[in-house]
Structures are given as structure tokens and as C-alpha cells.
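Coordinates in review
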Amino acid sequence: MGPRRKNVKPCSMNREGSESTKADEPKDYMNQLSHEVLCHIFRYLPLQDIMCMECLSRKLKEAVTLYLRVVKVVDLCAGRWWEYMPTGFTDSSFLTLLRKMPDIEQLYGLHPRYLERRRVRGHEAFSIPGVLEALQACPNLLGVETSHLELVEAIWTYMPQVHILGKFRNRNGAFPIPPENKLKIPIGAKIQTLHLVGVNVPEIPCIPMLRHLYLKWVRLTKPQPFKDFLCISLRAFVMRNCAGPTNSLKYVPLVTGLASARNLEHLELVRVPFLGGLIQHVVEDSWRSGGFRNLHTIVLGACKNALEVDLGYLIITAARRLHEVRIQPSLTKDGVFSALKMAELEFPQFETLHLGYVDEFLLQCKMTNGDLVKYGLADVVENPGIITDIGMKAVNEVFSCIKYLVIYNCPHLHNPNNWITDHSRWTRLVDLTLVRCHAIKLDSFSQFIELLPSLEFISLDQMFREPPKGCARVGLSAGTGIGVSSALVSNQNSNNDNDNNNNHQNNNNPNIHHNNHQHPNDQNEENELRQDGQAEEQQIAAEGNL
């Protein structure tokens, strides 16, 4: 028998078929990458997407494990600080996740939608003790970002070495203040930005690291909540419609503490019954050492005892850097600007002036002043601003570089054409808003507009009401509701104290209420928080978050 022949053709056909099959299949580029390259890619992906890759292949699972082992900064909300972290976490699963990240230093986005206050045996839940246990399992943890009131208080109590990153903002604030919303701030808390809305707080202690403090609808429960107040790093202080002590002497430590913050730039006091003349004396004692000299924004609204000298001293001290001033109606008078004119100051950076400022909450709130007092807010009844054309002329001469002007509810303004003089013109004014200035004459206003070369936007609301028949003969102001002759309004009214002015307005105008009118120039608070949050995140990233 001859040698057996090999059939080569079928083998070649099988080889060609297998090669064509492999060519048709898509290549797995991910598994061809090294672990180092995969870990570098994971840096640009949300944590939720990274965890989903564990089940795709063995190599990806190894890469995820390696990445979590060396990662130092984790964001559970993928940069969306206004959202909540993914749902479905329990105490055990959250602990398992953090144990995979032994080197983690900064944990962002810890915003749980709901947390149990305590654990329940035999029930898997997401609780505050479980979160604390998971955080304590990270030996290198330096900072946590959260918005949960009870969780941040627990971190301050059991993990005082941990910083609160970013901007702390509680998300369940409301008015009237819910009784379950409460927070005890320890002395020396490691936090830079604290925004509290609708929270019961015993006191505001000494917090050296604090840079931004925002209090809205906050009830201060202790008799002397500012006894230990001292925030030397403070840059912005906002206190709006808070329920605190009714005794104005209790606010002396607050004002002196604010003067100690040499870098304070934003000061906003709304419905704060501090002692009249207190700011004047504090400024006199502290301006040489830098107190209030770096202010660029001053807001006074519905402060019951505030005097003209308090506002004037603040403006004079901060003249070099001042950008914006919002003045409550009781201080919107001729004497303030006449005194500033006599001081012969220069305001090189000034842009925005709001006369007759009333807080948005007070404008939109349907409660009466008596109802607000029942909830602990100070007893304040705002009357219209009593500034006249003489005062507006002084405003033009003092703030000659103004860009944005808002005038709200000033019924004694008549001839805007007289506000402008030959040697002083608002050449940079681009935005003008007038609300409820009923007595302004239309022909004078038209001439006034022609004298503003840079004006781009005009907003008029409830203006130019026609006077009733016979009104001009007896000299009554049209549409103001004030039964006095406009000729009786003179610059001498500005020299009276606040109580006399309030009594005068109450006797002549008992039926004025502002709660149902919306302020035209106040920004939405959520937009402010988002813009501030973006700026704060950039600043924290630049400074290393600590």
C-alpha cells in the first residue's frame, strides 16, 4: 500500500473560515488596555458608572478594584451638588463601598434623600449611625460634603477632625420653622460656608474658619446667642428675618464680632433689631484697624432701631471699595445723602443703589406684621421713603458713577429733571427702575430721561397715576394715599429721628401694606445659591478644599 495522502484543502478552508469569523467579530479594545490606562479613564467618569463596569469583564473588575484602592477624591453626585446621591444604599452596602476606598480623603455629594435617626435590629436601612461607621472606616478621611442637618451635627460630635467641604445648605428649610429642623454648632467647627434656612439654632459661637454665614428664618433659642460670636475669617454675613432676642442690647456682641472680621465684604441685615447708634460707635473704635473697611455690599432692611448715622458711618468707612448699597425706607431720606455730600467722599467702584429697599419675603408674605411677631420676628412696620427731589440731587452728586438705580415707594419725588445738575450727570447709568413713585410728573421724567446718555433699560411699575379732580388745587400728591400737601415736605424732615418719622407716617397713612407687591429687582434665591455654589467650588478647588 502506498502512503496515505493528506487532505489539505479542508484544513485551509477551516482556517479561512475561522479567520473570517474573527474578522467579523468586534474587537474588545477595553480589555486590551492596561490597568493604568483604565484607571486614568475612570477619573473622568461618575462613580455610579464606574461601579457598573465591575460586572462587564474580569479585567474591568480588576481595574475598578485597583482604582478604588488608590482614589482620594470621590463625588457621589457627579458634580451636581443640588441633587441627591443615588438611592438604594443601606448601612452595609455603604460600608462595603467605603471599605474599598481606604485612601479616600475627600467625599463629596453625601446628600441622602432620607436617613434614619437610629438603626433597627433586623431591618436593613440607611441610618446616621451607619453612615458614621462607614466614614470612620476611612482612616485618611479629611473632609465630607453634605446637606443633612442631623448628619453634619453627628460628624461634628463624633468626628471633629473632619472638615465640612463646599457649602453646607440644608434642604428642608421652611417658614414657619419646622420643629425638627435644629442644629447645634460647636465652637471651632471646621466649616467655611454655612447656609441655614428655617432652622432652630441655640447660638452662633466662635468659628475661626468660617468665611460665609447665611441665616434666613433662623430661630436663635438661647437668651444670648451671640455671646461668643467671633469669626475672624468672615467675608459675607447675611441675617434675614431671624427670630432672636428682642432686647437690642443682646446684639452688641454680634456687631463687635463683625467688626473683628477684617476681610468682611458683604453685610446684609434684614429685620435685625440691633441697638440704634451701635454701628456708629463700633465703626469709630475699629475703622483704624480695618473694621468694615473692605465692605463692597451694604444692605439694611426693616431694622427697627437703625439710625442714619449707622448707615452713614458704614458708607464712609467702606467708600474705597463700595459697590452696592440697599437702604430701607426709614433711612431713605435727604439727610443721609446731604451728610455724605458734605463729607466730600469719592466712590470709585460704586455701581448699584436701591432706595426704599424692602426684603422679598416681606413683600410677598401674606402674613400681617402681628402674625410675624408671633413667630418671633421683630416688630417692624415699614413706611414709604421720605426722600425728596433735594435728596435725589444730593444722591446724584455723591454717587456720580452709578450704573443701576432702583427707587421703591418714594411718594415725595416730583421732578426728576431737578436731580441732574450741570456739573454732575449720571453718564454711566444704564438701568433705572421706579416702583410706586406716583407723584413723579411725566413731563419732568421725560426730560430727565433725555439727560441720561448711557441709559439702556427702564422699568416702571405703578407710576404716573392721574390725580383726582381738584387735587392740584389743594396741593395733594397724586396716588400716594398721603393726605398732606407736598409743599410741607422739606429737607428738614431728614433731621428728625426714626420714631418721629414713623409716627408721622403712621398718622397720615394707616392703610399702607407692602406684603402683596413683588420686588422687581430681587434675584431668585435658588439662582443666587447656584451661582455662589459654583464660585465657592472653584475657590475650594483652587485652595485644596481645606
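Residues numbered from 1 in each chain as written. Predicted model: local features only at pLDDT ≥ 70, side-chain atom pairs only at ≥ 80, totals over all residues. Heavy atoms only, no water.

Per an unreviewed UniProt entry, the protein chain is named F-box protein 38, and its organism is Strix occidentalis caurina.

**Examining the pattern of salt bridges**
Counted by the stated rule, this structure contains eleven salt bridges. Here Arg80 makes a salt bridge to Glu83, at a shortest N to O gap of 3.0 Å. Exposure remark for Glu83: the relative accessible area of 32% places this residue in the partly exposed category. Where Lys333 meets Glu308, a salt bridge forms, and the shortest distance between an N and an O atom there is 3.0 Å. Taken together, the residues span a long stretch of sequence, with Lys333 in the loop between strand E13 (324-327) and helix H12 (334-343) and Glu308 in helix H11 (residues 308-317) at a distance of 25 residues. In the salt-bridge network here, residues are joined through shared partners; they are Asp91, Arg119 and Glu133. (Salt bridge = Lys/Arg side-chain N within 4 Å of Asp/Glu carboxyl O. Buried < 20%, exposed > 50% of the residue type's maximum accessible area, 1.4 Å probe, protein only. Helix = DSSP H or I, 4+ residues; strand = E, 2+ residues; numbered from the N terminus.)

**Quick word on the environment of Gly257**
In this fold, Gly257 is placed in helix H9 (residues 252-260). Linking Gly257 and Asp228, residues 29 residues apart in sequence, is a C-alpha distance of 8.8 Å.

**Some thoughts on helix H10 (residues 278-286)**
For H10, every residue scored as buried is listed here: Leu278, Ile279, Gln280, Val282, Val283 and Ser286. Among the structural elements, H9 and H11 are those in contact with the buried residues of H10. (Contact = heavy atoms within 4.5 Å.)

**Overview of the sheet that holds strand E2 (residues 106-110)**
Overall, parallel pairing links the four strands, which are arranged E1-E2-E3-E4 in an open sheet. Each edge of the open sheet is held by one strand with a lone partner, namely strand E1 (73-75) and strand E4 (163-164). By the bridge criterion, two bridges tie strand E3 (residues 143-146) to E4 in an arrangement that is parallel. Bridging across to E4, Gly143 finds its partner in His163. (Pairing = 2+ DSSP bridges.)

**Side note on the side chain of Asp359**
Tracing the chain through its elements places Asp359 in the loop between strand E14 (352-355) and helix H13 (360-364). With no salt bridge to any partner, buried Asp359 finds its closest opposite charge in Arg240, at an N-O distance of 4.1 Å. Within the structure, Asp359 has its side chain in polar contact with the backbone nitrogen of Phe361 (distance 3.1 Å). (Lys, Arg positive; Asp, Glu negative; His and termini not counted. Polar contact = N/O pair within 3.5 Å; in protein donor to acceptor, adjacent residues only side chain to side chain.)

**Focus: the sheet that holds strand E16 (residues 431-435)**
As summarised here, the arrangement of the eleven strands in space is E5-E6-E8-E10-E11-E12-E13-E14-E15-E16-E17, forming an open sheet in which the pairing is parallel. Each end of this open sheet is capped by a strand with a single partner; those strands are strand E5 (168-169) and strand E17 (457-461). Strand direction decides the pairing type here: strand E12 (residues 297-301) and E13, joined by four bridges, are parallel. Pairing of Val299 across the sheet is with Arg326, part of E13.

**Details of the confidence of the model for the protein chain**
Confidence along the protein chain averages 83 in pLDDT terms, with 79% of residues attaining 70 or more. Every residue in residues 540-546 scores below 50 in pLDDT, and together they form 13 contacts with partners more than four places removed in sequence or on other chains. (pLDDT = per-residue confidence, 0-100.)

**Overview of a nonpolar patch on the surface**
A surface patch of nonpolar side chains, about 190 Å² in accessible area, is lined by Val37, Ile41 and Leu45. Inspection of the secondary structure puts Ile41 in helix H3 (residues 35-42). Under the relative-accessibility criterion, Ile41 is labelled partly exposed at 33%. (Patch = residues over 30% accessible without salt bridge, like charges linked within 9 Å, V, L, I, M, F, W, Y side chains within 5 Å. Areas by Shrake-Rupley, 256 points an atom, 1.4 Å probe, with all protein chains shown as cover.)

**Some thoughts on the packing of H3 against helix H5 (residues 58-70)**
Helix-helix packing is characterised by the crossing angle of the two axes and by the distance between the axes. Following both chains from N to C, one finds H3 and H5 inclined at 65°, their axes separated by 9 Å at the closest point. Regarding H3 and H5, the two cross each other, and that crossing is right-handed. Between H3 and H5, the residues in contact are His35, Leu38, Cys39 and Phe42 and Lys59, Leu60, Glu62, Ala63, Val64, Leu66 and Tyr67, respectively. Per-class residue counts for the contact of H3 with H5 are eight nonpolar, one polar and two charged. (Axes fitted to C-alpha atoms, helices over the stretch in contact; angles between N-to-C directions. Left-handed = near helix turned anticlockwise from the far one by under 90°. Nonpolar A, V, L, I, M, F, W, Y, C, P; charged D, E, K, R; others polar.)

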